[in-house]
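Results of the structural survey
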Amino acid sequence: MWETNTARHDFSRVVAEASDLNDLQREGWLDDARVDSRVESFCMEKSAHDPCLDAQHGFCGDQGAIFFTPNETWAQPPWFVHKMILDAAGWADELVAVHVDGMVNATHPGCADCWAFPCCGLNVLAAKASKGDTLVLRIVNAGTVAVNVTLAFPQGQRVPASFVRTSLASTTGTAEGPDTDNPIWEPERHAPVVYPRLPFAGGAITVPPISFEIYVFTMV
């Protein structure tokens with residue numbers, strides 16, 4: 001069991017979860033046991049079970065992906081990372097090499113430099129359908145500013161005609177804070193937004209801060 005324990009209960013878990021899955025699948029893809037055995041932080045737990053009882057370990061608070069009470073069950077933001085990947089998985093099954101040029105300057109508590117995750121920068125994974133008519137792009141922006149991304153395709157390769165974008169982004173533009181989880185009184189405060197299909201007119205897309213986005217491109 002490959003478990004994530006971020007010692008936090010907020011939107012930073014979305015960034016960590018999506019980056020972890022991108023990293024594992026980029027290195028091993030579908031034939032790696034680490035991908036098959038990967039689970040989220042603590043999976044399911046009772047809400048409010050940890051009133052700082054683990055303070056000696058340096059953290060307080062719930063960390064489950066799914067919370068439950070006697071009469072309600074609801075998902076936390078990182079659970080939707082798995083749902084988004086699952087929903088897009090049927091579109092592409094062949095890993096594609098991606099080169100990311102440039103980093104994003106941003107601040108994050110406890111970070112000494114820009115290379116220390118999750119200070120800043122983009123984490124990108126791409127895969128295509130075996131017949132080449134679909135390309136799936138998974139982008140994590142761990143920075144606190146939006147990033148304009150220009151997509152460049154090798155000469156002679158098929159290019160996108162249109163795309164569908166699914167976005168899970170912090171509404172506050174930050175990773176930590178009282179409004180970066182899904183409370184019982186607002187269980188879908190942070191949930192993926194699926195935008196209508198749009199034509200792909202150029203190579204530029206804008207990735208919001210503290211976000212995980214999936215683009216499903218239909219190729220020409």
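Residues numbered from 1 in each chain as written. Predicted model: local features only at pLDDT ≥ 70, side-chain atom pairs only at ≥ 80, totals over all residues. Heavy atoms only, no water.

1. Concerning the overall build of the protein
Note the threshold: Numbered from the N terminus, helices here are DSSP runs of H or I no shorter than four residues, and strands are runs of E no shorter than two. Relative accessibility under 20% of the residue-type maximum defines a buried residue, over 50% an exposed one, and the middle range a partly exposed one, all with a 1.4 Å probe and only protein chains included. Whether two residues touch is decided by their heavy atoms; if any such pair falls within 4.5 Å, the residues are in contact. Here the accessible surface of atoms and residues is derived via Shrake-Rupley with a 1.4 Å probe, and residues count as covered only by protein chains that are part of the display.
When its secondary structure is counted, the protein shows 3 helices and 12 strands. Expressed as a percentage of the 220 residues in the protein, the buried residues total 45%. For the protein, the proportion of contacts with a sequence separation of at least 24, taken over those separated by at least 6, is 70%. Total accessible area on the protein stands at roughly 11,500 Å², and carbon and sulfur atoms take up 57% of it.

2. Some points on the nonpolar core
Here is the rule: Working definition of a nonpolar core: buried Ala, Val, Leu, Ile, Met, Phe, Trp, Tyr and Cys residues. They are joined through side-chain atoms within 4.5 Å.
Counting residues in each nonpolar core, the largest one holds 23 residues, and the members touching the most others are Val14, Val81, Ile85, Val136, Leu168, Phe212 and Ile214. Elements represented by at least two residues in this core include exactly α1 (12-28), α3 (77-89), β6 (134-141) and β12 (211-219). The greatest single-element share of this core, amounting to 5 residues, is contributed by α3. Excluding residues that lie within four positions of it along the chain, Ile85 makes contacts with Leu21, Arg138, Phe212 and Ile214. Counting residues in each nonpolar core, the second largest holds 15 residues, with Leu137, Ile139, Leu151 and Phe163 among its members.

3. Quick word on the packing of aromatic side chains
Rules: Each aromatic pair joins two rings of Phe, Tyr and Trp (for Trp, the six-membered one) with centres within 6.5 Å, and gets the label stacked for planes under 30 degrees apart, edge-to-face for over 60, and tilted for any other angle.
Inspection of the entire model under this criterion finds 7 aromatic pairs. Considering the side-chain rings of Phe163 and Tyr215, the 5.9 Å spacing of their centres and the 45° angle between planes classify their relative orientation as tilted. A residue pair is termed long-range when its members are at least 10 positions apart, and Phe163 in strand β8 (residues 160-169) and Tyr215 in strand β12 qualify at 52 residues. Linked through ring pairs, Phe163, Phe200, Tyr215 and Phe217 together constitute an aromatic cluster.

4. A closer look at the confidence of the model for the protein
Using the following cut-off: pLDDT measures how confident the predictor is about each residue, on a scale from 0 to 100.
Mean pLDDT for the protein: 77, with 71% of residues reaching 70 or above. Predicted confidence in the protein is weakest over strand β1 (residues 44-46), with a mean pLDDT of 54, and strongest over strand β9 (residues 193-194), with 96. This model gives residues 105-118 a pLDDT under 50, and the stretch forms 25 contacts once residues within four places in sequence are excluded.

5. Section: unusual backbone geometry
Most peptide bonds take the trans configuration, and most residues that are not glycine carry a negative phi. A positive phi is found at Ile210, a non-glycine position, where the angle reads about 45°. Relative to the helices and strands, Ile210 resides in the loop between β11 (204-207) and β12.

6. What to know about the pattern of salt bridges
When charged atoms on two side chains of opposite charge get close, those side chains can pair. Test applied: For this analysis, a salt bridge means a side-chain nitrogen from Lys or Arg found within 4 Å of a carboxyl oxygen belonging to Asp or Glu.
Scanning the entire structure with this criterion turns up 6 salt bridges. For Lys83, the salt bridge is made with Asp87, and the minimal N-O distance between the two is 2.9 Å. With Lys83 and Asp87 both in helix α3 and 4 residues apart, this pair spans about one turn of that helix. Residue Arg189 pairs with Glu186 through a salt bridge whose shortest N-O separation is 3.0 Å. Through salt bridges with shared partners, one network takes in Asp179, Asp181, Glu186 and Arg189.

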